[in-house]
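# Structure at a glance
Chain residues, written in single-letter form:
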Amino acid sequence: MKCDTANAAAVKFGKYGGLFVPETLVQPIMELAQAYERLRSSDDFKDELAGLLRNFAGRKTPLYHARNLSRELGCKTYLKREDLVHGGAHKLNNTLGQALVAKRMGKTRLIAETGAGQHGVATAIVGANLGFETQVYMGEVDIERQKMNVYRMELMGAEVIPVRSGSRTLKDAINEAMRDWAASFEHTHYLLGTAAGAHPYPTMVRDFQSVIGLEAREQILEAEGCLPDSIVACVGGGSNAMGIFAPFLTDDVRLLAVEAGGRGPGKTDRTADNGASLGYGSNGILHGALTKILQDPYGQILESYSVAAGLDYPGVGPELAYLAETGRVQPKMADDRTAIRGFRALSKLEGIIPALESAHAVGYALSEPRALGEMAIINISGRGDKDLATVMDYENL
Amino acid sequence: MKISEAFQNKPLLIVYICAGDPTPDATPDLVRRLVKAGADIIELGLPHSDPIADGPTIQAAAQRAIAAGMNTDVYFDVAAQADVNVPKIFMGYYNMVYARGPDRFALDCAKSGIRGMIVPDLPPEEAGPLHDACRRYGVDLIFLASPNTPPERLHMIENETSGFLYLVARTGVTGAKSDVLQSTRDLISRVSGDVPKAVGFGISTPEQAADVIRAGADAAIVGSVCVDLIARGEIERLEELVREMKAAIVGAKGKAPIVC
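Residues numbered from 1 in each chain as written. Chains lettered and ligands numbered in written order. Predicted model: local features only at pLDDT ≥ 70, side-chain atom pairs only at ≥ 80, totals over all residues.

### What to know about the interface of chain B and chain A
Selection criterion: Contacts here follow a simple rule: the backbone-placed C-beta atoms of the two residues must lie within 7 Å. Per the convention used, a helix needs a DSSP run of H or I reaching at least four residues, while a strand needs a run of E reaching at least two, with both numbered from the N terminus. Polar here means any residue other than Ala, Val, Leu, Ile, Met, Phe, Trp, Tyr, Cys and Pro, which are nonpolar, and Asp, Glu, Lys and Arg, which are charged; Gly is therefore polar.
If you look at the interface, chain B gives 34 residues, while chain A gives 32 residues. Among the elements of the structure, helix H3 (56–67), helix H5 (94–100), strand E6 (144–145) and helix H8 (151–160) of chain B are those that each provide at least two residues to the side of chain B that touches chain A. Considering each element in turn, the side of chain B that touches chain A owes the most residues, five residues, to H5(B). Grouping the constituent residues of the side of chain B that touches chain A by class yields 17 nonpolar, eleven polar and six charged.

The structure is reproduced here in structure tokens:
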């Protein structure tokens, strides 16, 4: 597995992406990239992953025709039910894939970052199931907001390490995981949870998540005999969005990426009132990639905000930055209020409580139904049980 | 003084401090005192909100400095005010350079007497625009090599770096540690060319500084231990430590490596 590349060439998306990491991480990253490149075309690897996705994760997930929501929107609307994946979110698609790569690279320990806790839980699941020592970095602020997910991780044998640096949220948890990895790469795999960061993560995470779009494409063709007019997905780092968008990139299908509008476009010296890097951000480097980020004029990263912890990230995956720049993906926004509206509406209309992250996609659809065309797929990236306390607090304000 | 001129009087002691910690006003005087105590090159860190290559000590310094009003404009003012007769080097993360524009950044370095740049999250593969700008304004762009950098890549980095080669004594992040010696020796022995070699990450005592010089380094870089003393307000102790470090490396010059 050792490689000696005089030049560490990174996959780029237009000018976005790259490998902006300390020298100590270049070699572990190149070894990961080469291992992944080899495994992605290995039948043995693909079979093992497909088996786990089917029998353990519970795929394929339904593409459900939401009749009541359709009536409300005036658009035939299907829901891709990633909320039904084991663990309650799409995150397991990626953690299973990366954990199998790590296993074949001979790694014995997994580290991960988590914001809302969903990726941490999905990492704890694969850690328990596939026999890794697992440590999850989580900001102190997020630990306080997501106690149940902390307990879930611990139940499954993962250790949750509180992050007290910086804003004590997701971006700092990623920083801390990168620092850990710079000292532990010999036996540790860094299981990044979204399609962001340095090469090869944006590509690898997109590929593992594209099972969402591949299934949805097949399912909609079977149900309707044609492709939808639009696909709507929420965007934090962008893994569920890239997962469902990727197989439709060359089709005549509108791809709507809904970011967290939070409390609005406001910002201070240190903070932004939203998580909308495509909408309000500018080009810069965060966590190893050139992408769209929320920053001050000097390049200090702002602390983002969203009612949905999973969208509370001041960057976005480089491929989405590129697709937004070329116009292939249309960045949209749903603020907190719109997301809460989506959360309530889907619960009441369909008996499905979406994650607050996914509720941004639903809320956007409800506020801009004409953007959807006549037929749409909304990606329900996760279920909302984790968010009940947050929504109750929000409504009491 | 250029960096290459400084290396004519090796071994050198390179001291890192975080600009603006505890306040921007304090930095120029601190630089002068460090040089008086024996620092041969000053590495002046520009604080960043997300310093992924740094341990807790320098992270905390960066947060203090940002809170005290440090930004890139203030940084260059402070650097210019710190008028010393040894080279000053910029150390900071690439997004801060990118946000200003590599060309303007390198020009501002040259104007404020900064002779070199260390950007720990910028490997040579991504450094094209900054490399060009540094050449244009006569600023050295210093690259890092790590104990896990493989031979061919190390050779490439040796060719790309200018001023000196920054050898990371151990994997992980910055911060005082005790186990730097063996990995440092291994790394130094793998550098083939005659580029000056400076070793940093984890050096916190005069003995460790002397050890890396005996192991064949041309310079020892100390950071976190100094930043920690500044945080505690122990400036006289810091000056004393710099004097001790300098004496230790000068004493180690030309001595045979300790066999262990």
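### Looking at the sheet that holds strand E8 (residues 188–190) of chain A
Residue and element names in this part refer to chain A. Threshold: Only when DSSP finds a minimum of two bridges between them are two strands counted as paired. Comment: axis = line fitted to C-alpha atoms, over the contacting stretch for helices; angle = value between 0 and 180 degrees taken between N-to-C directions.
Taken together, four strands build an open sheet; the order of strands is E7-E6-E5-E8 and the sheet is parallel. At either margin of the open sheet sits one strand with a lone partner, and together these are strand E7 (159–163) and E8. Averaged over all neighbouring strand pairs, the angle between strand axes comes to 25°, with direction disregarded. Here helix H8 (residues 170–184) sits on the sheet in contact with strand E5 (109–114), strand E6 (133–139), E7 and E8, set at roughly 160° to E5.

### Brief notes about the sheet that holds strand E10 (residues 254–262) of chain A
Residues and elements named next belong to chain A. Pairing is mixed in the open sheet, where six strands are placed in the order E3-E4-E14-E9-E10-E13. Where the open sheet ends on each side, the last strands, each with one partner, are strand E3 (63–65) and strand E13 (329–335). Going from strand to strand, the sheet's axes swing by 30° on average, the running direction of each strand aside. Packed onto the sheet, helix H13 (residues 318–326) meets strand E9 (230–235), E10 and E13 and runs at close to 110° relative to E13.

### Points about the nonpolar core
Our working definition: To define a nonpolar core, we join buried Ala, Val, Leu, Ile, Met, Phe, Trp, Tyr and Cys residues through C-beta atoms within 7 Å and take the resulting set. Exposed residues have 12 or fewer other C-beta atoms within 10 Å of their own C-beta, buried residues have 20 or more, and partly exposed residues fall in between, where C-beta atoms are placed from the backbone. Throughout, the edges of the domains are those of an automatic or database domain assignment.
Ranked by internal contacts, the top residues of the largest apolar core, which has 230 residues, are Ile231(A), Ala233(A), Val258(A), Leu320(A), Val15(B), Ala209(B) and Ala220(B). Here this core takes eight residues from helix H1 (residues 23–39) of chain A, the largest share from any one element. Counting contributing residues, this core receives three or more from each of domain 1 (20–52 + 91–205) and domain 2 (59–89 + 209–396) of chain A. Contact partners of Ala209(B), with chain neighbours within four places excluded, come to Leu13(B), Ile203(B), Ala220(B), Val222(B), Met245(B), Ala248(B) and Ile249(B).

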